[in-house]
Amino acid sequence: TVATPKSFNTPIGLCLSIKATNEDTQIFIAEAGARRVGDIKTLCKIVRPDISVVTGIAPQHIETFKAIENIIAEKEEAVNNLKVGGFAVISGETVGGKNIYERATADKTSVGSGETAEVKFYGVEFSADGSKFNIAFGDKTLEITAPFVGIHNVVDFTLATAVAVKLGVRTDKIENTAKTLTPPEHRFSVSVSGNGVTIIDAEGGFSSEQKK
């Protein structure tokens, strides 16, 4: 498996990342970034996805998109540009994500905390050690212990779980791998100081508006 590093989510970034693939590569994970209308469609022409994951809809880059409806339409391009027979995994934690899921005609799975989610997370607990939560789908339930905090990370992990299950990864491997993850620096990483104070490092994890 090869994934785009850091935030290599532009056409040049994807092309540089593809250079890391070789004859042994089975899966290429491409992050698709969008600052303006048409960006995701352009990226899908470079990497035509077999699986598209929509993590959620938020007002990032609203200054260039002008309206949340334009952001929804842009994210929807990742689903509309799937290969024939492709598969979509869509978070239902935002209204925009729900709209994309309802309109999607491809094979699809909904992810979230709601009762209608096909892959559902619940029982979330956070501590200085990270998080504990359950993921349920079909007749299976996974018990996840992971060294990250933040509900957005729980959503993203559940989305990744839905993809892994689709690709045939064993559930026990998903549970074991969760414990080995390393949170990105300055993205809600947790540490405890010498005097017992729990520190959540979220520098760079908020927009200027969220910080206000």
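In what follows, the accompanying structure is described.

Analysis parameters
- Residues numbered from 1 in each chain as written.
- Predicted model: local features only at pLDDT ≥ 70, side-chain atom pairs only at ≥ 80, totals over all residues.
- Heavy atoms only, no water.
- Helix = DSSP H or I, 4+ residues; strand = E, 2+ residues; numbered from the N terminus.
- Rg over C-alpha atoms; globule rule 2.2 N^0.38 Å.
- Areas by Shrake-Rupley, 256 points an atom, 1.4 Å probe, with all protein chains shown as cover.
- Lys, Arg positive; Asp, Glu negative; His and termini not counted.
- Charge placed at Lys NZ, Arg CZ, Asp CG, Glu CD.
- Pairing = 2+ DSSP bridges.
- Axes fitted to C-alpha atoms, helices over the stretch in contact; angles between N-to-C directions.
- Contact = heavy atoms within 4.5 Å.
- Salt bridge = Lys/Arg side-chain N within 4 Å of Asp/Glu carboxyl O.
- Buried < 20%, exposed > 50% of the residue type's maximum accessible area, 1.4 Å probe, protein only.

1. Describing the overall build of the chain
Argument step 1. What the chain contains, in helices and strands, is 8 helices and 10 strands.
Argument step 2. Taken against the 2.2 N^0.38 rule, which gives 17 Å for 212 residues, the C-alpha radius of gyration of the chain at 18 Å falls within 12% of a compact globule.
Argument step 3. Projected onto its principal axes, the C-alpha positions of the chain cover 50 × 45 × 40 Å.
Argument step 4. When the accessible surface of the chain is split by element, carbon and sulfur atoms take 52% of a total near 12,800 Å².
Argument step 5. When the 23 positive and 26 negative side-chain charges of the chain are each reduced to one mean point, those points stand 5 Å apart.

2. Section: the pairing of strand 8 (residues 140–146)
A regular strand places its side chains on the two faces of the sheet in alternate fashion.
Argument step 1. As paired elements, strand 7 (residues 130–137) and strand 8 share 7 bridges and run antiparallel to each other. In the strand pairing of strand 8, I135 is matched with L142.
Argument step 2. Once strand 7 ends, the chain turns through 2 residues before running back antiparallel as strand 8, passing G138 with a positive phi of about 60 degrees.

3. Quick notes on the sheet that holds strand 7
Argument step 1. Strand order in the open sheet formed by 6 strands is 3-4-5-6-7-8, and the pairing between neighbours is mixed. In this open sheet, the two strands that pair with only one neighbour each are strand 3 (51–54) and strand 8. Mean inter-strand twist for the sheet, computed between neighbouring axes without regard to direction, equals 15 degrees.
Argument step 2. Sheet topology note: the strand 3/strand 4 (residues 87–91) ladder contains 4 bridges and is parallel. Pairing of I51 across the sheet is with F87, part of strand 4.
Argument step 3. Where helix 6 (residues 151–166) meets the sheet, it contacts strand 3, strand 4, strand 5 (107–112), strand 6 (119–127), strand 7 and strand 8, and its direction lies at approximately 140 degrees from that of strand 6.

4. Focus on the pattern of salt bridges
Argument step 1. Under the counting rule described, the total for this entry stands at 6 salt bridges.
Argument step 2. In this structure, K83 and D50 form a salt bridge, with 3.6 Å as the shortest nitrogen-oxygen distance. In this pair, K83 sits in the loop between helix 4 (68–80) and strand 4 while D50 sits in the loop between helix 2 (39–46) and strand 3, placing the two residues 33 residues apart along the sequence.
Argument step 3. Take K83: its relative accessible area is 36%, and that puts it in the partly exposed class.
Argument step 4. For K140, the salt bridge is made with D139, and the minimal N-O distance between the two is 3.8 Å.

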